[in-house]
Amino acid sequence: MGQKNSKGLTKKELDRLKKETNFNQNELLKIYKKFIAENPNGMIKKQDFGKLTKQLGLRDEFFSELLFNNFDDDNNGYIDFSELCTVMNIIMKGSTDDKLEFIFKVYDLDGNGFLEKEELYQIVESIYKIASNSKFFDTKEEMLNYVDQCFEEADQDNDGKLSFDEFKTRAKNDPKFLTSLSPFQDN
Ligand SMILES: [Ca+2]
Ligand SMILES: [Ca+2]
Ligand SMILES: [Ca+2]
């Protein structure tokens, strides 16, 4: 842990972020300016994050919490600027694979590196609660059946769990699969 300069972004941190993300210096400074204007103490609390995700169209607390935990890389209960940049980099500049990897990590609830069926059920059930997002399915049963079917098809080695490669292959070949797993209202 380097010394924390509460007044702003240190040159060292800026250089590191330039190296580790695809943002250039101007972009980083712009993001920082907005970040620090909204969060003068340099951190986003879980509560404020919930408000933010609501504005982005995420209507479910379960997902907001999942996302928060994935942003909060060092698990200290706050999202700092560097953590924010890491995720924004994936969302704004990442390849499809980067994005899929992020989604995979969010949905891997127990963090064991695989998606189990129970995890997908939990995700899908939460999505189903967000009524207007269930545009593909009339009933919850229909949705769960769809998950079952996807799961069987995606699980190529039949070990009862999806590796990242299995997940990626399925997601790339079937856009509906990803959309049906998305907690956001409009996509
Ligand atoms: Ca943190
Ligand atoms: Ca898992
Ligand atoms: Ca498998």
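Just so it is clear, the model here is predicted, and its values are computed rather than measured.

### Structural notes on the overall build of the chain
Right, so step 1: Within the chain, the regular secondary structure consists of 10 helices and four strands.
Right, so step 2: Reading the helices (α) and strands (β) of the chain from amino to carboxyl end gives α-α-β-α-α-β-α-α-β-α-α-β-α-α.
Right, so step 3: Counting the 187 residues in the chain, one finds 14% classified as buried.
Right, so step 4: For the chain, contacts bridging at least 24 residues in sequence account for 54% of all contacts bridging at least 6.

### Side note on the packing of helix α6 (residues 96-107) against helix α9 (residues 164-173)
Right, so step 1: Interhelical geometry of α6 versus α9 gives an angle of 120 degrees and a closest axis separation of 10 Å. One element, α6, and the other, α9, form an angle in the oblique class. Viewed along their axes, α6 and α9 form a crossing whose handedness is right-handed. Only Phe164, Phe167, Lys168 and Ala171 of α9 make contact with α6, whose side of the interface consists of Asp97, Leu100, Glu101 and Phe104.
Right, so step 2: Class assignment of the residues belonging to the contact of α6 with α9 gives a composition of five nonpolar, no polar and three charged.

### Comments concerning unusual backbone geometry
Right, so step 1: The phi dihedral of Asn75 falls on the positive side, at around 55 degrees, and the residue is not glycine.
Right, so step 2: Looking at the secondary structure, you find Asn75 in the loop between α4 (61-71) and β2 (78-80).
Right, so step 3: Exposure remark for Asn75: the 7 C-beta atoms within 10 Å place this residue in the exposed category.
Right, so step 4: Its identity is not glycine, yet Asn158 carries a phi of approximately 55 degrees, on the positive side.
Right, so step 5: Structurally, Asn158 is set in the loop between α8 (140-154) and β4 (161-162).

### Focus on the confidence of the model for the chain
Right, so step 1: When pLDDT is averaged along the chain, the result is 86, and 89% of the positions lie at 70 or above.
Right, so step 2: Ranking the elements of the chain by mean pLDDT puts helix α10 (residues 175-180) last with 78 and β4 first with 97.
Right, so step 3: In the predicted structure, residues 1-6 sits below a pLDDT of 50 and forms three contacts with residues beyond four places in sequence or in another chain.

Analysis parameters
Residues numbered from 1 in each chain as written. Chains lettered and ligands numbered in written order. Predicted model: local features only at pLDDT ≥ 70, side-chain atom pairs only at ≥ 80, totals over all residues. Helix = DSSP H or I, 4+ residues; strand = E, 2+ residues; numbered from the N terminus. Buried ≥ 20, exposed ≤ 12 C-beta atoms within 10 Å, placed from the backbone. Contact = placed C-beta atoms within 7 Å. Axes fitted to C-alpha atoms, helices over the stretch in contact; angles between N-to-C directions. Parallel < 35°, antiparallel > 145°, perpendicular 65-115°, else oblique. Left-handed = near helix turned anticlockwise from the far one by under 90°. Nonpolar A, V, L, I, M, F, W, Y, C, P; charged D, E, K, R; others polar. pLDDT = per-residue confidence, 0-100.

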